[in-house]
Amino acid sequence: MSVATEDLIKFIEDDYLDEVIQFFKEIIEIESPTTDCEAVNAVGNLLKRKAGQLGASIEVEPSGVEDRGDHIIARWPGEDDSLKPILVIAHMDTVWKKGTLVDMPFRVVGNKIYGPGIFDMKGAVVFAIEAMKIIQDLNRKTKRPITILFNSDEEINSTTSRPVIKREAMKSEFALILEGGVGESVLTARKGIMYFKITAKGKPSHAGMDHEKGINAIEEISHQILKIQKLTDYQIGTTVSCGVIQGGTRTNVIPAQAILEVDARVPTNEEVKRLTKEMESLTPVLAGAELDIYTLVKRPPLDRTEGVVHLFEKAKKFAKDLGYDLEETATGAISDGNLTAALGVPTLDGLGPIGDGAHAVYEHIEMDKISKRLALLVKLLEEL
């Protein structure tokens, strides 16, 4: 079968849209909250069967944690197996507890398709499988080998899948992340998340009898809060939020310890370095007080590097060949693309179905945009 590139969107709409929607229904109705191993593995079993029918070699990576599902890897050869593969990532877990379908059933209302996890990101899981099926039905092959990683715990920071993501990304030429985009744009940048824990240590004493002998740790942490909040820079795109405070034991005791937890969102790796230096340079204000500062980069930024821009330009050309203009944007939300990009792998994110409402009761994707987005994924897999 031969289909010209400019006809691919209509071909998918005419020949595959009903199949895609039925697949949406099938996978949505297998509820898969992250911490329900059996539920997530039920999705994995479906994907193993679907990918196996398309000739993929299947690997199962156990999470190693009792309440987490396995990670599934599907591999297909390319025309030139000496080339490094394309890594595609989509996650099987959702934030929705079992039983959500009672109040949020799969349904099609006008142009919107609803269901728990359809936008984040079971719709994208369907896209990954259907894109490979379309390529095969057209009797085509991808230029490079294709690796699709379906991981089981993205919604809780990809805790057990990170080593698998790292291993597969380091072997790959490009990474395509099938999270939903912002509007119709794809994502060429995501902010990273940093976490800081500042412990102020003072000296306890009786609040009435020996007030002057104490060093108030809550007072010290209050001084630090005012400094830290000023590190937000909207022009650069860095935000810092003092979110949780703990301190003191009784009202009649000068508190010896106070703990502050801070969330920060940073747009670039340079900002990670700058903010780390600023935070770790904090010094006590009160005489005799001490500070202990713990820093954690939860997710590094997806930087808009030259490699990312080059990959986007390829996608933009493919979209033009398909008959439309593709735009890029950035977001403060995170994905597994933060992890692949931090390894230096050119990463394009937001390639999944177009919709809205991740983690919300109105979560949905737009039916009339399915063929357009799926056609772009097909071209990326075929020609990168």
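The structure displayed is predicted, hence computed values, not measured ones.

Details of the overall build of the protein
In step 1: Helix and strand counts for the protein stand at nine helices and 16 strands.
In step 2: For the C-alpha atoms alone, the extent of the protein along its principal axes is close to 90 × 45 × 40 Å.
In step 3: Within the protein, residue pairs in contact and separated by at least 24 positions form 79% of the contacts whose partners lie at least 6 positions apart.
In step 4: When the 46 basic and 60 acidic side-chain charges of the protein are each reduced to a single mean position, those positions are 3 Å apart.

What about helix H7 (residues 306–322)?
In step 1: Look at H7: 24 Å from first C-alpha to last across 17 residues, which is about the 24 Å you get at 1.5 Å a residue.
In step 2: Inspection of H7 places Val308, Leu311, Phe312, Ala315, Phe318, Ala319 and Leu322 among the buried residues, and these make up the whole buried set. Projected onto a plane normal to the axis of H7, the buried residues spread over an arc of 115 degrees and lie on a single side. Seen from the open side of H7, the exposed residues pointing more than 90 degrees away from its buried face are Glu306 and Lys320.
In step 3: In this structure, the buried residues of H7 make contact with helix H1 (8–28), strand S7 (174–177), strand S8 (186–190), strand S13 (328–331), strand S14 (347–348) and helix H9 (370–383).
In step 4: Backbone geometry just downstream of H7 places Gly323 in the positive-phi region, at approximately 110 degrees.

Some details on the sheet that holds strand S9 (residues 192–201)
One key point about sheets: their strands pair by backbone hydrogen bonds, in either a parallel or an antiparallel sense.
In step 1: Read across the sheet, four strands follow the order S10-S11-S9-S12 without closing on themselves; strand pairing throughout is antiparallel. Each of the sheet's edge strands pairs with one partner strand only, and the pair in question is strand S10 (239–247) and strand S12 (290–299). Across the sheet, the axes of successive neighbouring strands diverge by a mean angle of 15 degrees, strand direction being ignored.

Structural notes on the sheet that holds strand S4 (residues 107–109)
In step 1: If you trace the four strands from one edge of the open sheet to the other, you get S4-S5-S16-S15, paired in antiparallel fashion. Looking at the sheet topology across the chains shown, the edges are occupied by S4 and strand S15 (355–356).
In step 2: Judged from the three bridges that link them, strand S5 (residues 112–114) and strand S16 (residues 364–366) form a sheet pairing that is antiparallel. Bridging across to S16, Tyr114 finds its partner in His364.

Details of the packing of H7 against H9
In step 1: Two elements in contact, H7 and H9, have axes separated by 10 Å at closest approach and are oriented at 125 degrees. Classed by the angle they form, the pair H7 and H9 counts as oblique. Crossing geometry of H7 relative to H9 is assigned as right-handed. Here Ala315, Phe318, Ala319 and Leu322 of H7 come into contact with H9, specifically with Ala375, Leu376, Lys379, Leu380 and Glu383.
In step 2: Class assignment for the residues of the contact of H7 with H9 results in seven nonpolar, no polar and two charged.

Rules used in this analysis
Residues numbered from 1 in each chain as written. Predicted model: local features only at pLDDT ≥ 70, side-chain atom pairs only at ≥ 80, totals over all residues. Heavy atoms only, no water. Helix = DSSP H or I, 4+ residues; strand = E, 2+ residues; numbered from the N terminus. Contact = heavy atoms within 4.5 Å. Lys, Arg positive; Asp, Glu negative; His and termini not counted. Charge placed at Lys NZ, Arg CZ, Asp CG, Glu CD. Expected span 1.5 Å × (residues − 1). Buried < 20%, exposed > 50% of the residue type's maximum accessible area, 1.4 Å probe, protein only. Arc of directions from axis to C-beta. Pairing = 2+ DSSP bridges. Axes fitted to C-alpha atoms, helices over the stretch in contact; angles between N-to-C directions. Parallel < 35°, antiparallel > 145°, perpendicular 65-115°, else oblique. Left-handed = near helix turned anticlockwise from the far one by under 90°. Nonpolar A, V, L, I, M, F, W, Y, C, P; charged D, E, K, R; others polar.

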